[in-house]
Amino acid sequence: MVNNLNIINVNQKIVIIANWKCNPSTEREAENLLREIKKGIKKIRNTEVIIVPPFVYLPVVRDKILLKSKEGIWKVGAQNCFWENSGAFTGEISPLMLKELGVEYVILGHSERRIYFGETDEVIAKKLKVILENKLSPILCIGETKEGREEKKIEKVLKRQLKEILSPISRFSLPTSDLVIAYEPIWAIGTGDFCSPDEAKKALLFIKKELIEILPRYLSQNIRIIYGGSVDSENAKNYINIGFKGLLIGGASLIPQEFIKIVNSCNLQ
Ligand code: PGA
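Residues numbered from 1 in each chain as written. Predicted model: local features only at pLDDT ≥ 70, side-chain atom pairs only at ≥ 80, totals over all residues. Heavy atoms only, no water.

(A) A look at the packing of aromatic side chains. In this structure the tally under the stated criterion is 6 aromatic pairs. Aromatic pair F82 and F89: ring centres 4.6 Å apart, planes at 50°, arrangement tilted. By relative accessible area, which is 35% here, F89 ends up partly exposed. Measuring from ring centre to ring centre gives 6.3 Å for Y239 and F244, while their planes differ by 75°; the resulting arrangement is edge-to-face. Side by side, Y239 and F244 carry an identical accessibility label, which is buried. Through successive ring pairs, a cluster of aromatic residues spans Y183, Y227, Y239 and F244. Taking NZ or CZ as reference, K126 lies 4.0 Å from the ring centre of W83, over its face. (Phe/Tyr/Trp six-rings, centres within 6.5 Å; stacked < 30°, edge-to-face > 60°. Buried < 20%, exposed > 50% of the residue type's maximum accessible area, 1.4 Å probe, protein only. Lys NZ or Arg CZ within 6 Å of the ring centre and 35° of its normal.)

Here is the structure:
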């Protein structure tokens, strides 16, 4: 156990994640978007910015823009990956391929993957295993649906998701990469109906408590728990103020001025 303490890469910087989802439509637009964002984000200290474009723009994001960054605050993430490193799996992208491309983070279990592509906690757990084996950092998304928006029901869903996805990891191997957990109430994603800081704080404390039960303590304490769901430049810093270690941003990450304001406001906290 004590040896494992030494190999954990503790990272407690605030992390702001731009999840571009299935946008923009061309590589040129992707390049311009990132260029605009980079222009407005300077002198940030304790913050990391992870750009998560569609797979096809990963090389552009990495080569043309991020590698030129001197600050070391820019990282590249992927929106999904497969649960095997290679093989006869038409249409899939493996974590090994992502790693070779310079990707460091992978979003996992996003509600849009669960809803539109039928991803279950079991599938997500399989992906988590291979992501960690490749020493990539997962950004694991969890959260309740609109129907489950009630304290007891929220706790039940979060408990189930965390247990089913995370408990296998203490059995097969202990991660040496960062672990990020994104609390994303599904009803708040893309709706403008963001979660109030009071509600979000209850979920944050509950997730912390559950992590202590599921994982070895030193591991659970080093996990960054972030918030996602209709974050904008007005509400962003409220989540950091109540203890979230970062934000997962969809819509607002496609609007450079809005995203820049979000990063800069969190960096000042
Ligand atoms: P949103 O998306 O910021 O557009 O609500 C967040 C997400 O899906 O991660």
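Right, picking up where we left off after that structure.
(B) Spotlight on the nonpolar core. Within the largest apolar cluster, 72 residues are counted, with the highest numbers of intra-cluster contacts made by L166, Y227 and L247. When residues no more than four places from it in sequence are discounted, the contact partners of L247 are V15, I16, I17, I226, Y227, V231, A236, Y239, I240, I262 and C266. Counting 12 residues, the second-largest nonpolar core is a separate cluster that includes I17, V52, I107 and A182. (Core = buried A, V, L, I, M, F, W, Y, C linked by side-chain atoms within 4.5 Å. Contact = heavy atoms within 4.5 Å.)

(C) Expanded view of the side chain of E184. Within the secondary structure layout, E184 lies in the loop between β6 (180-183) and α8 (197-214). Despite its burial, E184 remains without a salt bridge, the nearest opposite charge being carried by K21 at 6.7 Å. Residue contacts for E184: discarding those within four places in its chain leaves H110, C141, I142, G143, I189, G228, G229 and L248. (Helix = DSSP H or I, 4+ residues; strand = E, 2+ residues; numbered from the N terminus. Lys, Arg positive; Asp, Glu negative; His and termini not counted. Salt bridge = Lys/Arg side-chain N within 4 Å of Asp/Glu carboxyl O.)

(D) Focus on the packing of helix α2 (residues 27-40) against helix α11 (residues 256-267). Taken N-terminus to C-terminus, the directions of α2 and α11 make an angle of 35°; their axes are 9 Å apart at the nearest point. Viewed along their axes, α2 and α11 form a crossing whose handedness is right-handed. Seen from α2, the contacting residues are L33, E36, I37 and G40; seen from α11, they are P256, F259, I260 and N264. Class assignment of the residues belonging to the contact of α2 with α11 gives a composition of 5 nonpolar, 2 polar and 1 charged. (Axes fitted to C-alpha atoms, helices over the stretch in contact; angles between N-to-C directions. Left-handed = near helix turned anticlockwise from the far one by under 90°. Nonpolar A, V, L, I, M, F, W, Y, C, P; charged D, E, K, R; others polar.)

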